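Per-entry structural report
One-letter residues, chain by chain:
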Amino acid sequence: MKYKQWLNIWLDLYVKSTVKERTFERYNQITQKQLIPLLGEYELSELSAVVLQKFVAQLSMVKGLSANTVNCIITVMQNSLKTAVIVGAVDKQYAGNIQRPKPAEKEVTCFSLEEQKKIEKYIAESNKPKLQGIAFGFYTGLRLGELLALKWTDIDFDKGLLYVNKSCHDKYINGKCVKIIETPKTTHSRRVIPIPKQLMPMLKSLHKQSHSVYVVAENENGIGNRSYQRSFELLLKKLNIPHKGFHSIRHTFATRAIECGMDVKTLSEILGHKNPTVTLTRYAHSLLEHKTEMMNKLGKLF
């Protein structure tokens, strides 16, 4: 059986019904654009360690794809070939022997305290309720999809708790952008976040004037991810603040939390990370600054 034939079988029978729609779309895109064009004509039994390593080299050196992108493609390929062995489509697979390119560490960018206060001040003085979601993000660390999927029923005003149990993304269907609601990014993303009591008056006021089931909205149907990202970009431009992605709000929340002395385990659970190690790795720079401050306090005893 040729690899391209197996890939289509694998996607239809073993992937489509077991992953989120968005994940399936990503797997399918990688399959159609990368795996089939370069490896599709090989028989499954011909996919030796050397053939697969040459494929990886081609992705990096010829196509110029980043290490992170190449590693995503390798993961899809490995999963497809592991399943092929399990179901008996091939006796052995060599994808596990591939040497992966070393991924570049993603730079964590966050807003300075001065920039954050400038943004919050503008939002508080503006007459645009939808922008309150940005301020809310600074104090909850929600991902963009989680923030825009948040409904008023997910907030317990009496206990001051926020329940994260869904996310959303944009998808074009028949030329129209549609808001797709789905379960959170991972099982660890399903969590309960205590809301700072200082934010409750703002939330209650927003709830009172809202005409939507969604917390962040500009009409009854809420607002799309790309539209909200664009609003955020325009806000930064208006305030002469250097461009940063929306995810920087989440990074800013984590950095401020560490600066306030929040322990890493608590922060990890609030962010919805798999474990504290992920948090430690991602925010090591913030932890170093906090450690330096703590050590200087200790040094005052000298």
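In what follows, the structure referred to is the one given above.
All of the points below concern the structure found in this document. The structure presented is a predicted model; accordingly, all values stated were derived computationally and were not measured. (Residues numbered from 1 in each chain as written. Predicted model: local features only at pLDDT ≥ 70, side-chain atom pairs only at ≥ 80, totals over all residues. Heavy atoms only, no water.)

The geometry of an aromatic ring pair is captured by two quantities: the separation of the ring centres and the angle between the planes. For the structure shown, the criterion picks out seven aromatic pairs. Taking 6.0 Å as the distance between ring centres and 40° as the angle between the ring planes, the aromatic pair formed by W6 and Y14 counts as tilted. Accessibility expressed as a relative area gives 36% for Y14, which makes it partly exposed. Considering the side-chain rings of W152 and F157, the 6.2 Å spacing of their centres and the 25° angle between planes classify their relative orientation as stacked. Note that K179 overlies the ring of Y214, its terminal NZ or CZ placed 3.8 Å from the centroid. (Phe/Tyr/Trp six-rings, centres within 6.5 Å; stacked < 30°, edge-to-face > 60°. Buried < 20%, exposed > 50% of the residue type's maximum accessible area, 1.4 Å probe, protein only. Lys NZ or Arg CZ within 6 Å of the ring centre and 35° of its normal.)

Residues R191 and I193 of strand β5 (residues 191–194) are buried on one face, while the alternating residues V192 and P194, pointing to the opposite face, are not. Of the pairings in the sheet, the one linking strand β2 (residues 161–164) to β5 comprises four bridges and is antiparallel in character. Looking at β5, one finds that L162 is bridged to I193. (Helix = DSSP H or I, 4+ residues; strand = E, 2+ residues; numbered from the N terminus. Pairing = 2+ DSSP bridges.)

This part takes up the pattern of salt bridges. A side chain of one charge can pair with a side chain of the opposite charge when the charged atoms of the two come close. Scanning the model with the defined rule gives 15 salt bridges in all. E41 is the salt-bridge partner of K2, the closest N and O atoms lying 3.7 Å from each other. Taken together, the positions of K2 in the segment before α1 (3–15) and E41 in the loop between α2 (21–39) and α3 (49–62) put the pair 39 residues apart, joining distant regions of the chain. According to the relative accessible area criterion, E41 is partly exposed, its value standing at 48%. Residue E115 pairs with K244 through a salt bridge whose shortest N-O separation is 3.8 Å. Placement of the pair is E115 in helix α5 (residues 113–125) and K244 in the loop between α9 (225–238) and α10 (247–259), with a sequence separation of 129 residues. Assigned by exposure class, E115 and K244 land together as buried. Through salt bridges with shared partners, one network takes in K2, K4, E41 and E43. (Salt bridge = Lys/Arg side-chain N within 4 Å of Asp/Glu carboxyl O.)

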